[in-house]
Amino acid sequence: MYAILEIGGKQYKLSEGESFKTELVKGAKEGEQIVIDKILAVKDDKDLKVGSPYLEGARVKATLLENGRYKKVITVKFRRRRGYRRVKNHRQWYSMLKVDEIEA
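Residues numbered from 1 in each chain as written. Predicted model: local features only at pLDDT ≥ 70, side-chain atom pairs only at ≥ 80, totals over all residues. Heavy atoms only, no water.

Time to look at the environment of tyrosine 54. Here tyrosine 54 shows up in the loop between strand S6 (48–50) and strand S7 (59–69). For the pair tyrosine 54 and leucine 40, spaced 14 residues apart in the sequence, the C-alpha separation amounts to 4.8 Å. Apart from the residues within four sequence positions on either side, tyrosine 54 is in contact with Glu6, Lys38, Ile39 and Leu40. A polar contact of 3.2 Å, which involves the side chain of tyrosine 54, links it to the side chain of glutamate 6. (Helix = DSSP H or I, 4+ residues; strand = E, 2+ residues; numbered from the N terminus. Contact = heavy atoms within 4.5 Å. Polar contact = N/O pair within 3.5 Å; in protein donor to acceptor, adjacent residues only side chain to side chain.)

Shown next as structure tokens:
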């Protein structure tokens, strides 16, 4: 059984027991259970249920394992022979979630 869900503006295909990183889930603490109700499709052993755009009554329960930051991304702007150099850094926050249960 798997589900296609939308969280943080992105879509993920997940099954029970699977862990994944997504955009930071605000207002949640580590070890807390999160309910995601934006489910696009659910595939059982027998049939496929597709929503338009979301399935009503379907939800995924996940546990927040950790909040962290990705590796640093460095952006460099450079123009030759002009003494122009700009360097910017950025680290994006993420949340690591583990799918506990899929309810169709």
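By the definition in use, this model includes three salt bridges. Glutamate 103 is the partner of arginine 59 in a salt bridge, and the nearest nitrogen-oxygen pair spans 2.8 Å. Taken together, the positions of arginine 59 in strand S7 and glutamate 103 in strand S10 (residues 93–103) put the pair 44 residues apart, joining distant regions of the chain. Across the pair lysine 61 and glutamate 103 runs a salt bridge, and its minimum N-O distance is 3.4 Å. Taken together, the residues lysine 61 in strand S7 and glutamate 103 in strand S10 connect sequence positions 42 residues apart. Salt bridges sharing common partners tie together Arg59, Lys61 and Glu103. (Salt bridge = Lys/Arg side-chain N within 4 Å of Asp/Glu carboxyl O.)

Counting across every chain of the model gives two aromatic pairs. Taking 5.0 Å as the distance between ring centres and 45° as the angle between the ring planes, the aromatic pair formed by tyrosine 12 and phenylalanine 20 counts as tilted. Centre to centre, the rings of tyrosine 70 and tyrosine 94 are 4.9 Å apart; their planes meet at 45°, and the pair counts as tilted. Taken together, the positions of tyrosine 70 in the loop between S7 and strand S8 (73–79) and tyrosine 94 in strand S10 put the pair 24 residues apart, joining distant regions of the chain. Of the residues examined, tyrosine 70 reaches a relative accessible area of 34% and is grouped as partly exposed. Owing to a relative accessible area of 8%, tyrosine 94 belongs among the buried residues under this scheme. Sitting over the face of the ring of tyrosine 2, lysine 13 holds its NZ or CZ atom 4.5 Å from the ring centroid. If you follow lysine 21 out to its NZ or CZ, it ends over the ring of tyrosine 94, 4.5 Å from the centre. (Phe/Tyr/Trp six-rings, centres within 6.5 Å; stacked < 30°, edge-to-face > 60°. Buried < 20%, exposed > 50% of the residue type's maximum accessible area, 1.4 Å probe, protein only. Lys NZ or Arg CZ within 6 Å of the ring centre and 35° of its normal.)

On to the sheet that holds strand S3 (residues 19–23), then. Reading across the sheet, the four strands line up as S3-S10-S7-S4 and stay open at both edges, with antiparallel pairing between neighbours. A strand with exactly one partner marks an edge of an open sheet, and here the two such strands are S3 and strand S4 (33–36). In this sheet, adjacent strand axes meet at a mean angle of 45° when their direction is disregarded. Where S7 meets S10, 10 bridges bridge the pair, whose relative direction is antiparallel. (Pairing = 2+ DSSP bridges. Axes fitted to C-alpha atoms, helices over the stretch in contact; angles between N-to-C directions.)

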